[in-house]
Amino acid sequence: MTANSAEGTAPSRDSSAIFAGQGRTARRAADLVAALLPPAILVATGLLVRARLIDDGFVVLTYGGYLLAEIS
């Protein structure tokens, strides 16, 4: 347990630095990132293939590896 430097006593439960709603906001942000990341990766990969910067076979191999990792 850490001591409160201002008073020299242990902090009580009532003097929390976390306010109501902070966890909910962080959870929404994490859910939003988790929901938007796979489509963003798919679109970025599609653009790279269309610009002929990477080969189609590389994409199939990469996504196939992701699927195998999810299954096992």
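Here the structure is a predicted model, which means the values were calculated and not measured. Counting from 1, residues in each chain are numbered in the order their sequence is written. Note on the predicted model: pLDDT of at least 70 is required for a residue's local features to be given, and 80 or more for side-chain atom pairs to be given and counted; whole-chain, interface and lining totals, by contrast, use all residues. Values reported for side chains reflect all heavy atoms of the structure, with hydrogen atoms and water molecules removed beforehand.

Regarding the overall build of the protein
Stage number 1. Counting secondary structure elements, the protein contains 2 helices and 0 strands.
Stage number 2. The proportion of buried residues among the 72 residues of the protein is 3%. The helix and strand labels rest on DSSP assignments: H or I over at least four residues marks a helix, E over at least two residues marks a strand, and numbering proceeds from the N terminus. Burial here depends on accessible area, computed with a 1.4 Å probe over protein chains only, as a share of the maximum for the residue type. Under 20% is buried, over 50% is exposed, and the range in between is partly exposed.

Things to note about a nonpolar patch on the surface
Stage number 1. Residues Val33, Leu37 and Ile41 make up a contiguous nonpolar surface patch of roughly 270 Å² in combined accessible area.
Stage number 2. Following the sequence through the fold, Leu37 ends up in helix α1 (residues 22-50). A patch consists of residues exposed above 30% relative accessible area that lack any salt bridge, with like charges linked at up to 9 Å and nonpolar side chains (Val, Leu, Ile, Met, Phe, Trp, Tyr) linked at up to 5 Å. For the accessible areas, the method is Shrake-Rupley and the probe is 1.4 Å, while residue cover comes only from the protein chains on display. By salt bridge we mean one thing: a side-chain nitrogen of Lys or Arg within 4 Å of a carboxyl oxygen of Asp or Glu.

Here's the deal with the packing of α1 against helix α2 (residues 56-71)
Stage number 1. Running from N to C, α1 and α2 cross one another at 160°; their axes reach a closest spacing of 10 Å. For the element pair α1 / α2, the angle class is roughly antiparallel. Note that α1 runs across α2; the crossing there is right-handed. Residues Ile41, Leu42, Thr45 and Val49 of α1 form the contact with α2, whose own contacting residues are Asp56, Val59 and Tyr63.
Stage number 2. Only Asp, Glu, Lys and Arg are considered charged, only Ala, Val, Leu, Ile, Met, Phe, Trp, Tyr, Cys and Pro nonpolar, and every remaining residue, Gly among them, polar. Across the contact of α1 with α2, the residue classes tally to 5 nonpolar, 1 polar and 1 charged. To define axes, lines are fitted to C-alpha atoms, for helices over the stretch in contact only, and angles between the resulting N-to-C directions are given on a 0 to 180 degree scale. Angle categories are assigned with fixed cut-offs, so that under 35 degrees is roughly parallel, over 145 is roughly antiparallel, 65 to 115 is roughly perpendicular, and the rest are oblique. Crossings are classed by handedness, with left-handed meaning an anticlockwise turn of the near helix from the far one by less than a right angle and right-handed meaning a clockwise turn. In this analysis, two residues are considered to be in contact whenever any of their non-hydrogen atoms come within 4.5 Å of each other.

Let's talk about α1
Stage number 1. In this scheme, a helix's expected span is set at 1.5 Å multiplied by one less than its residue total. The terminal C-alpha atoms of α1 lie 42 Å apart, and with 29 residues this matches the ideal 42 Å at 1.5 Å per residue to within 8%.
Stage number 2. Two axes enter the bend calculation: one fitted to the seven residues ending at the residue in question, the other to the seven starting there, and the bend is the angle between them. Maximal helix bending in α1 amounts to about 30°, located at Leu37; proline Pro38 follows within four positions.
Stage number 3. Arg52 sits one or two residues past α1 and shows a positive phi near 60°.

Quick word on unusual backbone geometry
Stage number 1. One non-glycine residue, Arg52, lies in positive phi territory at about 60°.
Stage number 2. With respect to the helices, strands and loops of the structure, Arg52 is situated in the loop between α1 and α2.

A short note on the pattern of salt bridges
Stage number 1. Throughout the structure, instances matching the rule amount to 1 salt bridge.
Stage number 2. One salt bridge connects Asp31 with Arg27, and the closest N-O pair in it is separated by 3.3 Å. One end of the pair is Asp31 and the other is Arg27, both in helix α1 and 4 residues apart, which spans about a single turn.
Stage number 3. Its relative accessible area of 55% is what places Arg27 among the exposed residues.

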